[in-house]
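Now for the letters of each chain:
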There are 2 protein chains.
Amino acid sequence: MKKKTLIVCGIDIGGTNTVFGLIDLKGNILYKDSFSTNANDSPESYIGQLSRKILSETQKRKDEFKLVGIGIGAPNGNYYTGEMIDPPNFSWGTIPLAEMISSKLGVPCALTNDANAAALGEMKFGAAKEMKDFAVITLGTGLGSGLVVNQKVVYGKNGHAGELGHCIVKKNGRKCSCGLKGCLEAYVSASGILRTVKHYLKREPSSLLSEVPRDELCSKDIYVAALQGDKIAQKAFLETGEILGEFLATTVCHFHPEAIFLLGGLTNAGELLFDPVIEAMERNLLSVFKGQVTVIPSGLPGADSAILGAGALAWDAFKK
Amino acid sequence: MKKKTLIVCGIDIGGTNTVFGLIDLKGNILYKDSFSTNANDSPESYIGQLSRKILSETQKRKDEFKLVGIGIGAPNGNYYTGEMIDPPNFSWGTIPLAEMISSKLGVPCALTNDANAAALGEMKFGAAKEMKDFAVITLGTGLGSGLVVNQKVVYGKNGHAGELGHCIVKKNGRKCSCGLKGCLEAYVSASGILRTVKHYLKREPSSLLSEVPRDELCSKDIYVAALQGDKIAQKAFLETGEILGEFLATTVCHFHPEAIFLLGGLTNAGELLFDPVIEAMERNLLSVFKGQVTVIPSGLPGADSAILGAGALAWDAFKK
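Cut-offs applied
- Residues numbered from 1 in each chain as written.
- Chains lettered and ligands numbered in written order.
- Predicted model: local features only at pLDDT ≥ 70, side-chain atom pairs only at ≥ 80, totals over all residues.
- Heavy atoms only, no water.
- Least-squares fit on C-alpha atoms with pLDDT ≥ 70 in both.
- Contact = heavy atoms within 4.5 Å.
- Phe/Tyr/Trp six-rings, centres within 6.5 Å; stacked < 30°, edge-to-face > 60°.
- Buried < 20%, exposed > 50% of the residue type's maximum accessible area, 1.4 Å probe, protein only.
- Lys NZ or Arg CZ within 6 Å of the ring centre and 35° of its normal.
- Buried area = accessible area lost by both parts, 1.4 Å probe.
- Salt bridge = Lys/Arg side-chain N within 4 Å of Asp/Glu carboxyl O.
- Polar contact = N/O pair within 3.5 Å; in protein donor to acceptor, adjacent residues only side chain to side chain.
- Helix = DSSP H or I, 4+ residues; strand = E, 2+ residues; numbered from the N terminus.
- Core = buried A, V, L, I, M, F, W, Y, C linked by side-chain atoms within 4.5 Å.
- Pairing = 2+ DSSP bridges.
- Right-handed = clockwise from strand over helix to strand, strands pointing away.

K.L.:
Explain the relation of the copies chain B and chain A to me, please; I cannot follow it from the model alone.
P.N.:
Two copies of the chain are present, and they differ by a rotation about an axis and a shift along that axis. Overlaying chain B with chain A gives an RMSD of 0.0 Å, the required rotation being 180° about an axis along which the chain moves by 0.0 Å. Put plainly, the chains are arranged around a two-fold axis. Residue Val 149 of chain B of chain B places its C-alpha closer to the rotation axis than any other residue of that unit, at 3.7 Å. Of the residues that chain B buries at the interface, 100% are likewise interface residues in chain A, meaning the two copies contact each other through the same surface.

If you want it as structure tokens, here you go:
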């Protein structure tokens, strides 16, 4: 009998869409699909739908491939407990997600948050293959982070380590959705840069961005305006980048990574974001660290990085 | 023939004194001695003197004990290269210290900085025996730190990780000896609290501390005055503790340690320091971290913690 190729299923659960892929040990995606998450349905019906879709695909390929495990990246996914802990934008509360999926599919399932999954993906399939220590910062609606030290994701005491978005960078600063004031995420994220722009638009309405209705304004508009020479948009990227760069100098003092990967929507702005980040980080570094840490985009294709990260989690957990 | 007991030699090199001890696997100190470092002599003559002292003691015990390795904690000691890299208050420049000592004594030698050695000591012989993740902060003339993640000291890309003293906590703040402005160490250290007190004494000279000549003032005077109810001394401890506590919230976001150990002279002030540290840290923490991290003194006897740390380094490196 021909030996079957081992595969895992990598799942990325977002508030809007769920994407999953069947992935081999080299990171080839044999199949991928996505569907609407419908976060207001019951978690049971969601998990039923997801499981049927995966089973249907693995059944079709059962003569050639063997599914050995599931990896999931999800908001507030806890690696230690396998629980998705009352994530924002979901009405599910806290659910034992890994256990629920594992019992449906009959294979082990590992869970972590999306930023940690991205870090694992970078390490197994991306630009961090040879790196011992690195960080991944995801700049979406919020700011997530995954830290790798000595080639292991840092989970800390109970799986919540690497919450850099809620480090306080401005004493008594902007109110953050977490309840604290002055969190990094309140400045450096798609929602953070929007707040910065709206703040400036109040004082200086002569901007290309004034033409966009305030509640439709998104970070892409800011990027496009900045490229067209809009001063407020450019200032917003400069400030956002500087705050992130100053903060990353502190991350470097903690564990001196070889690289810091910036991922997510905001990074489409390219050097508008990266230049001030790097400049501010270097300016705030002790001489032994200067010029030592690369700040770069992900080495994975954007569209697939989330499921590759979730797949890497499964390979890491279940490949004996 | 009776089997010999294996021992290591733990050495703590300070700018003023060198302390060394012969230490067994359980952390028993069989012998210890200290001598003046004379940091202005040549490193060769210093190493000659140190080696002779160690050899003389190991020779006396050679029928019963076998020396298997040397561990050294020293300022700017680099674990990866074994070099002591141009430390402040020494006229030695950069020297291959581990190699020089190893060739004199005929056993392997490992080197790291004093704060990393303290962390290893805490892990092997102290209060962190069962801990996976923790931090050690040493509050001496400067502020040193040793971080342990997944039971390993974090050395980073080239051995300099864990330089928390040079994280910037106040933009354009106090000038630090490293050349940057607003470093944690410029506020939170024996020299930092002295600067705080001198700053207040200029404005409010009615303090017990005004009676001490300014160039003789030391952190112990501040502690004693604070206990006697001196407002400036109390305010200085409060501010110093708050700055450290706010900063430690950021450290917790990075790797969520189980405990943060505070060591060194300033910690003799007890709750005068610990209370504001804990209060400010908790106030700045995301809810998932609140009440989760203990901030405590070292679990090792102060006088021996440095050589026990250096001994732990040797056991860690050379016990196969």
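K.L.:
What should I look at first to understand the packing of aromatic side chains in this one?
P.N.:
A ring pair, where both rings are aromatic, is described by two values, the distance of the centres and the angle of the planes. Residue and element names in this part refer to chain A. Tallying each qualifying case throughout the model produces 16 aromatic pairs over all chains. Aromatic pair Phe 90 and Trp 92: ring centres 4.9 Å apart, planes at 70°, arrangement edge-to-face. The two residues Phe 90 and Trp 92 agree in class, both being buried. Among the aromatic side chains, those forming a connected cluster through ring pairs are Phe 35, Tyr 46, Phe 90 and Trp 92. Above the face of the Tyr 200 ring, Lys 235 is positioned so that its terminal group lies 4.1 Å from the ring centre.

K.L.:
Sorry if this is basic, but what is going on with the interface of chain B and chain A here?
P.N.:
Every contact between the two is made by 39 residues of chain B and, on the other side, 39 residues of chain A. Summed over both partners, the interface of chain B with chain A comes to about 3200 Å²; 60% of that surface belongs to carbon and sulfur atoms. Broken down residue by residue, the surface that chain B buries against chain A is led by Lys 157, His 254 and Leu 286 of chain B, which jointly contribute 21%. Linking chain B to chain A there are 2 salt bridges. Notably, a salt bridge pairs Glu 246 of chain B with Lys 171 of chain A, separated by 2.7 Å at the nearest N-O pair. In this structure, the connection of chain B to chain A is made through 22 residue pairs in polar contact (both at pLDDT 80 or more). Of all the secondary structure elements, the ones that give two or more residues to the side of chain B that touches chain A are strand E7 (143-149), strand E8 (152-153) and helix H6 (231-255) of chain B.

K.L.:
Explanation requested: the nonpolar core in the structure shown.
P.N.:
Generally speaking, a soluble globular protein has its nonpolar side chains buried in company with each other. Counting 104 residues, the largest nonpolar core has Ile 260 of chain A together with Ile 260 of chain B as the members making the most contacts within it. In this structure Ile 260 of chain B touches Ala 135, Ile 137, Leu 248, Val 252, Met 281, Val 293, Thr 294, Val 295 and Ile 296 of chain B, once residues within four positions along its chain are discounted. Among the nonpolar cores identified, the runner-up in size contains 29 residues, and Tyr 31, Ile 47, Leu 50 and Leu 97 of chain B belong to it.

K.L.:
I keep staring at the pairing of strand E4 (residues 65-73) of chain A and nothing clicks. Help me out?
P.N.:
In summary, the side chains of a regular strand alternate between the two faces of the sheet. All names here are of chain A. Among the 9 residues that make up E4, 8 are buried, leaving the element largely enclosed by the rest of the structure. Pairing between strand E1 (residues 5-13) and E4: 8 bridges, direction parallel. Across the sheet, the residue bridging to Gly 10 is Gly 71, located in E4. In the sheet, E4 pairs with strand E5 (residues 109-112) via 4 bridges, with the strands oriented parallel. Bridging across to E5, Gly 73 finds its partner in Thr 112. Handedness of the crossover joining E4 and E5 through helix H2 (residues 97-105): right-handed.

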